[in-house]
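One letter stands for each residue in the lines below.
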Amino acid sequence: MTTTATATTSVVGFESVTKSYGGVRAVDGLTLDLHPGETVALLGPNGAGKSTTLDLLLGLKRPDSGVVRVFGAGPREAIVAGRVGAMLQSGGLMDEVTVGELVRLACDLHPKPFRATDVLARAGISQLADRKVNKLSGGQEQRVRFALATAGDSDLIVLDEPTTGMDVSARQAFWATMREQADQGRTVLFATHYLEEADAIADRVLVLHRGHLLADGTAAEIKAKAGARRIAFDLKTSTGEAGEVGEAGGVDEAALRALPFLTTIDISGHTVRIQSTDADATVHALYGLGVYPRNLEVAGLGLEQAFVAITAAEEAKQK
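Residues numbered from 1 in each chain as written. Predicted model: local features only at pLDDT ≥ 70, side-chain atom pairs only at ≥ 80, totals over all residues. Heavy atoms only, no water.

1. Considerations on the side chain of Lys50
Argument step 1. Residue placement: Lys50 occurs in helix 1 (residues 50-57).
Argument step 2. As a buried residue without a salt bridge, Lys50 has its nearest oppositely charged side chain in Glu161, at a separation of 5.4 Å.
Argument step 3. From its side chain, Lys50 meets the backbone oxygen of Pro45 in a polar contact 3.5 Å long.
Argument step 4. Non-local contacts of Lys50, meaning those with residues more than four positions away in its chain, are made with Leu42, Leu43, Gly44, Pro45, His193 and Leu208. (Helix = DSSP H or I, 4+ residues; strand = E, 2+ residues; numbered from the N terminus. Buried < 20%, exposed > 50% of the residue type's maximum accessible area, 1.4 Å probe, protein only. Lys, Arg positive; Asp, Glu negative; His and termini not counted. Salt bridge = Lys/Arg side-chain N within 4 Å of Asp/Glu carboxyl O. Polar contact = N/O pair within 3.5 Å; in protein donor to acceptor, adjacent residues only side chain to side chain. Contact = heavy atoms within 4.5 Å.)

2. Structural notes on the pattern of salt bridges
Argument step 1. Scanning the entire structure with this criterion turns up 15 salt bridges.
Argument step 2. Where Asp28 meets Arg25, a salt bridge forms, and the shortest distance between an N and an O atom there is 3.4 Å.
Argument step 3. Between Lys61 and Asp55 there is a salt bridge whose closest N-O contact spans 2.9 Å.
Argument step 4. Assessed through its relative accessible area of 29%, Lys61 is described here as partly exposed.
Argument step 5. Linked by salt bridges that have partners in common, Glu38, Arg204 and Asp216 make up one network.

3. Notes on a nonpolar patch on the surface
Argument step 1. Together, Met94, Leu105 and Leu109 line one region of the surface with nonpolar side chains, adding up to about 300 Å² of accessible area.
Argument step 2. Within the secondary structure, Met94 is located in the loop between strand 5 (84-87) and helix 3 (99-109).
Argument step 3. Met94 gets classed as partly exposed once you look at its relative accessible area, which sits at 43%. (Patch = residues over 30% accessible without salt bridge, like charges linked within 9 Å, V, L, I, M, F, W, Y side chains within 5 Å. Areas by Shrake-Rupley, 256 points an atom, 1.4 Å probe, with all protein chains shown as cover.)

4. Points about the pairing of strand 7 (residues 187-191)
Argument step 1. Counting buried positions over the five residues of strand 7 gives five, a clear majority of the element.
Argument step 2. Note that strand 3 (residues 39-43) and strand 7 share four bridges and pair parallel. When the sheet's bridge partners are listed, Leu42 is paired in strand 7 with Ala191.
Argument step 3. Pairing of strand 6 (residues 156-160) with strand 7, which is carried by five bridges, proceeds in the parallel orientation. If you follow Val158 over to strand 7, its bridge partner there is Leu189.
Argument step 4. Crossover connection from strand 6 via helix 6 (residues 168-183) to parallel strand 7: handedness right-handed. (Pairing = 2+ DSSP bridges. Right-handed = clockwise from strand over helix to strand, strands pointing away.)

5. Focus on the confidence of the model for the chain
Argument step 1. Summary statistics for the chain give a mean pLDDT of 87 and a share of 92% for residues scoring 70 or more.
Argument step 2. Every residue in residues 1-8 is under pLDDT 50, and counting partners more than four places away or in other chains gives 16 contacts.
Argument step 3. A low-confidence stretch, residues 242-249 (pLDDT under 50), is modelled with 20 contacts involving residues beyond four sequence positions or located in other chains. (pLDDT = per-residue confidence, 0-100.)

6. Digging into the packing of helix 3 against helix 5 (residues 138-149)
Argument step 1. Taken N-terminus to C-terminus, the directions of helix 3 and helix 5 make an angle of 25°; their axes are 9 Å apart at the nearest point. The angle between helix 3 and helix 5 falls in the class roughly parallel. For the pair helix 3 and helix 5, the crossing hand works out as right-handed. Touching Val99, Leu102, Val103 and Ala106 of helix 3 are Val144, Ala147 and Leu148, all from helix 5.
Argument step 2. Residues belonging to the contact of helix 3 with helix 5 are distributed by class as follows: seven nonpolar, no polar and no charged. (Axes fitted to C-alpha atoms, helices over the stretch in contact; angles between N-to-C directions. Parallel < 35°, antiparallel > 145°, perpendicular 65-115°, else oblique. Left-handed = near helix turned anticlockwise from the far one by under 90°. Nonpolar A, V, L, I, M, F, W, Y, C, P; charged D, E, K, R; others polar.)

7. Thoughts on the sheet that holds strand 2 (residues 24-34)
Argument step 1. One open sheet holds the three strands; their spatial order is 2-1-4, and the pairing between them is antiparallel. The open sheet is flanked by strand 2 and strand 4 (65-70), the only strands paired with a single partner. With direction set aside, neighbouring strand axes in the sheet form an average angle of 25°.
Argument step 2. Across the sheet, helix 1 touches strand 1 (12-21), strand 2 and strand 4, and the angle it forms with strand 1 is around 120°.

8. Observations concerning the environment of Lys135
Argument step 1. Along the polypeptide, Lys135 turns up in the loop between helix 4 (116-122) and helix 5.
Argument step 2. Residue Lys135 is classed as exposed on the basis of its relative accessible area of 60%.

9. Considerations on the packing of aromatic side chains
Here a ring pair, both rings aromatic, is described through the centre-centre distance and the interplanar angle of the planes.
Argument step 1. Under the counting rule described, the total for this entry stands at three aromatic pairs.
Argument step 2. On the basis of an interplanar angle of 70° and a centroid distance of 4.9 Å, the ring pair of Phe146 and Phe174 is categorised as edge-to-face. Of this pair, Phe146 sits in helix 5 while Phe174 sits in helix 6, and the two are 28 residues apart along the sequence. Comparing Phe146 with Phe174, the two get one shared label, buried.
Argument step 3. Between Trp175 and Phe190, the ring centres sit 4.6 Å apart and the planes meet at 55°, which makes this aromatic pair tilted. Taken together, the residues Trp175 in helix 6 and Phe190 in strand 7 connect sequence positions 15 residues apart.
Argument step 4. On the basis of relative accessible area, Trp175 is assigned to the buried category, the value being 5%.
Argument step 5. Pairwise contacts between aromatic rings join Phe146, Phe174, Trp175 and Phe190 into one cluster. (Phe/Tyr/Trp six-rings, centres within 6.5 Å; stacked < 30°, edge-to-face > 60°.)

In structure tokens, the structure reads:
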């Protein structure tokens, strides 16, 4: 692979970028930098500005204000030079052609092409080469889009919800391929709703909220930023029997909801799941209620739970 980015070069730079649609500000003063070799997950609730951010990066839209640079130049220059490969949700594939024909066309058009047979194999679609594009399943279409995004030796690969429609084995194979791309020095930026993918794959996570960069760090740092821990247990009353919350001889639901430092609580039968900003104090108070928790687990938040906690806290601040 020939990579022209250096360790000191910013692959992508957003400087105070703003983009509005009528009265809706999709991107609001966004500033960020991506660096060579990073695998970066872009997260955010619906309407956070993820798709608009990718469109601005790829030159599909122009910012109202601010500057977007890709490898130190405008997005279009970088794309024309073949330095960016993109896999987007929007835009259809040509129907009346075979997969092989479409991939060969993408390779022919790329300034630094790979062999079409290698591209097909890397995307796991060699067996589909003679199939018409309009005869593909949703997951197969996604793999074709991935093949088109990696038809040449690009330094940056941009993926928008890349594994939508793929089954579990296809998703695992896809991310194994993307790890290989990153190991070869390419920068990978992907937006996803599968937060377990971001947790497992990304070495950096960006959380957008209403066009702002709400959090930026490793998955572990994002989890720590949420400032809460998970507590899960099954109820056991003083008689030693499993107790349903609120039933006679059981545990009073109001007392559980009044435990200190709770941020959320979910009660299902005799199973209770809690998020707490001080797990030690919450568990101590739990025993003070005369409750004997069975199968007690205390752990840090997963990335999905941390994401929900961070965005919910931001929503509460803006009300």
